[in-house]
Amino acid sequence: MSSFLKNNATLIKALKKGNTDAYTYLVDAYHQKLCVYAFSLSHDHYYAEDIVQNVFFKVWQKRKKLKEDFNIQGFLYKLVYNEFIDLYRKEKAVMSLEKKYIEALDTVINEDDNNSVLEQLISLVKDEIENLPPKYKQTFLLSKQEGLTNIEIADYLNVSIKTVEAQMTKAFSIIREKVGEKTNGILFLLFGQKQLSKNF
């Protein structure tokens, strides 16, 4: 592939002209990276592939509207995120996830009318988070408190995505073992809307 395509502005100019070599370069250079990012959002390999395919299709379809000062990489990642939101809203997965946590929250509130009991549960979850092994705790808080995706955490900690997933799963299991089925509701109370984008 011609080296000139590696230049951001030149690549976009070529795409706008309908240069198929430029499009092939774009797909080759970013397909795998975008699939990894899409999977970190969807936790589903099939959805991730669909999302990325849709993104590349839309880029080609609307190539004449591209601006030469675009950061093509940032632009592609943003498109993947937007496609993820659109696809999941169409599939009602976001609504389903929201319902799951609202039901969990309702369970906590309805069964624990006594505020002191609810406060004890919240305190228990906080203590369990504090007592997690250091690496698990760091990963868990980056996800739940800071709202980072698995791929962002992996990049930040310089570890693999599988390591992040394993640490998150283990951390959640430790907390759930102590708190039980009300864990999701308590985490929702502690970390709010960020819980809606996380799926264990």
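Here, every reference points to the structure presented above.
Residues numbered from 1 in each chain as written. Predicted model: local features only at pLDDT ≥ 70, side-chain atom pairs only at ≥ 80, totals over all residues. Heavy atoms only, no water.

Moving on, we come to the nonpolar core. Within the largest apolar cluster, 47 residues are counted, with the highest numbers of intra-cluster contacts made by Leu26, Leu76, Val80 and Phe140. Here the element with the most residues in this core is helix H2 (residues 20-42); it accounts for 10 residues. In contact with Leu76, other than residues within four places in its own chain, are Leu26, Tyr30, Leu34, Val55 and Val59. (Core = buried A, V, L, I, M, F, W, Y, C linked by side-chain atoms within 4.5 Å. Buried < 20%, exposed > 50% of the residue type's maximum accessible area, 1.4 Å probe, protein only. Helix = DSSP H or I, 4+ residues; strand = E, 2+ residues; numbered from the N terminus. Contact = heavy atoms within 4.5 Å.)

Right, let's talk about the packing of aromatic side chains for a bit. Within the structure shown, the criterion is met by two aromatic pairs. Residues Tyr23 and Trp60 carry aromatic rings whose centres are separated by 5.0 Å and whose planes lie at 55 degrees to one another, so their mutual orientation is tilted. Of this pair, Tyr23 sits in helix H2 while Trp60 sits in helix H3 (residues 45-61), and the two are 37 residues apart along the sequence. By relative accessible area, Tyr23 is classed as partly exposed at 22%. Judged by centre distance (5.0 Å) and plane angle (50 degrees), the ring pair of Tyr37 and Tyr77 falls under tilted. A residue pair is termed long-range when its members are at least 10 positions apart, and Tyr37 in helix H2 and Tyr77 in helix H4 (residues 72-90) qualify at 40 residues. For Arg63, the ring lying beneath its charged end belongs to Trp60, and the centroid distance is 4.0 Å. (Phe/Tyr/Trp six-rings, centres within 6.5 Å; stacked < 30°, edge-to-face > 60°. Lys NZ or Arg CZ within 6 Å of the ring centre and 35° of its normal.)

Right, let's get into the pattern of salt bridges. Within this structure, the stated rule accounts for two salt bridges. Here Lys58 makes a salt bridge to Glu83, at a shortest N to O gap of 2.7 Å. Placement of the pair is Lys58 in helix H3 and Glu83 in helix H4, with a sequence separation of 25 residues. Residue class for Glu83 comes out buried when judged on its relative accessible area of 8%. One salt bridge connects Lys137 with Glu130, and the closest N-O pair in it is separated by 2.8 Å. (Salt bridge = Lys/Arg side-chain N within 4 Å of Asp/Glu carboxyl O.)

This part is about the environment of Phe172. Following the sequence through the fold, Phe172 ends up in helix H9 (residues 161-179). Here the alpha-carbon distance between Phe172 and Tyr136, two residues 36 residues apart in the chain, equals 9.3 Å.

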